[in-house]
Amino acid sequence: ESFQLESGGPRNFANVPDGRQIAVIDREKNAVVAKWPVTQALANFPMALDEKNHRLLVACRQPARLLVLNTETGRPVAEVNCCGDVDDLFYDAVRQRVYLSGGEGCISVFEQKDADHYPLRKRIETSPGARTCLYVPETGRLYLAVPQRGQQKAEVWVYQAR
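Residues numbered from 1 in each chain as written. Predicted model: local features only at pLDDT ≥ 70, side-chain atom pairs only at ≥ 80, totals over all residues. Heavy atoms only, no water.

K.L.:
Before we move on, can you summarise the sheet that holds strand β9 (residues 86–92) with the specific residues and values?
P.N.:
The sheet built from four strands is open, its strands ordered β9-β10-β11-β12 with antiparallel pairing. The open sheet has two edge strands with one neighbour each: β9 and β12 (120–125). Averaged over all adjacent pairs, the angle separating strand axes in this sheet is 15°, with direction ignored. Pairing between strand β11 (residues 106–111) and β12: five bridges, direction antiparallel. Bridge pairing in β12 places Ile107 opposite Ile124. (Pairing = 2+ DSSP bridges. Helix = DSSP H or I, 4+ residues; strand = E, 2+ residues; numbered from the N terminus. Axes fitted to C-alpha atoms, helices over the stretch in contact; angles between N-to-C directions.)

K.L.:
For the side chain of Ser101, give the residues involved together with the corresponding values.
P.N.:
Within the secondary structure layout, Ser101 lies in strand β10 (residues 97–102). A polar atom in the side chain of Ser101 sits 2.6 Å from the backbone oxygen of Arg131. Beyond its immediate chain neighbours, meaning those up to four positions away, Ser101 contacts Cys83, Asp85, Val86, Asp87, Asp88, Cys106, Ile107, Arg131, Thr132, Cys133 and Leu144. (Polar contact = N/O pair within 3.5 Å; in protein donor to acceptor, adjacent residues only side chain to side chain. Contact = heavy atoms within 4.5 Å.)

K.L.:
Lay out the layout of surface pockets in plain terms, naming residues and giving numbers.
P.N.:
Which parts of space are left empty comes out when a probe the size of a water molecule is rolled across the atoms. Its boundaries defined by the atoms lining it, the largest pocket holds a volume of some 230 Å³. The wall of the largest pocket is formed by 14 residues, among which Tyr99, Val109, Ile124, Gln160 and Ala161 lie closest to the centre. Those elements that place two or more of their residues in the lining of the largest pocket are β10, β11, β12 and β15 (155–160). Among the elements that line the lining of the largest pocket, the one with the most residues is β12, at three residues. By residue class, the composition of the lining of the largest pocket is eight nonpolar, two polar and four charged. (1 Å grid on protein atoms, 1.4 Å probe; cavity = no way out; pocket = protein on both sides within 12 Å on 5 of 7 lines; lining within 4 Å. Points joined across faces, edges and corners; volume = space filled by probe spheres on them. Nonpolar A, V, L, I, M, F, W, Y, C, P; charged D, E, K, R; others polar.)

K.L.:
Can you break down unusual backbone geometry residue by residue, with the values?
P.N.:
With an omega of -10°, the peptide bond running from Gln62 to Pro63 counts as cis. Position of Pro63 relative to the elements: it lies in the loop between β6 (55–62) and β7 (64–70). Of note in the backbone geometry, Arg20 takes a positive phi value of approximately 50° without being a glycine. If you trace the backbone, Arg20 turns up in the loop between β2 (11–16) and β3 (21–26). At Asn30, a position not held by glycine, the phi torsion is positive, near 55°. Structurally, Asn30 is set in the loop between β3 and β4 (31–37). Judged by its relative accessible area of 71%, Asn30 is exposed. (Buried < 20%, exposed > 50% of the residue type's maximum accessible area, 1.4 Å probe, protein only.)

K.L.:
Which residues make up the environment of Gly74, and what are the values?
P.N.:
Looking at the secondary structure, you find Gly74 in the loop between β7 and β8 (76–81). Given the relative accessible area of 11%, Gly74 is considered buried. Distance from Gly74 to Pro37, taken between C-alpha atoms, is 8.5 Å for residues 37 residues apart in sequence. Those residues within four positions of Gly74 in sequence are excluded, and the remaining contacts are Trp36 and Leu69.

K.L.:
Residue-level account of the pairing of strand β14 (residues 141–146), with values.
P.N.:
Side chains of β14 alternate between two faces, with Leu142, Leu144 and Val146 buried and Arg141, Tyr143 and Ala145 left unburied. Sheet analysis places strand β13 (residues 132–136) next to β14, joined by five bridges and oriented antiparallel. Bridge assignment links Tyr135 to a residue of β14, and that residue is Leu142. Across six bridges, the pairing between β14 and β15 is antiparallel. Of the residues in β15, the one forming a bridge with Arg141 is Gln160.

Shown next, in the form of structure tokens:
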């Protein structure tokens, strides 16, 4: 469902929701070198990588949780509630924030206080079903796809990180 590639190392991290795990793949060995279980929640779909702090951010849907794993050990270091039906997840290294969009109709914004602490900074109400987004670090903008539902027209909403 999602994968992240280390730029400073040979590993890929791949979400395997049906197996309730994250597969760690060594690109040089062309082999799975570890399988980290995801036991705290089901439906682990989007991920983001904070390579500097050795953290893998994983969002789950059942229940709605943001999990933070140590990429050296695979062990969980943090777990916080997030918006439901999460589909996309981005790490903003400049502002040290995490952005999650969920079909529940919200965006969860977490502050990275340090590598192991992620308090909720803000919950932004959006539109039900609006769960697909793209964060562009160069501009600090998050683009959210809002589907047509009832009186709501299909649109792209733009948020500016501050």
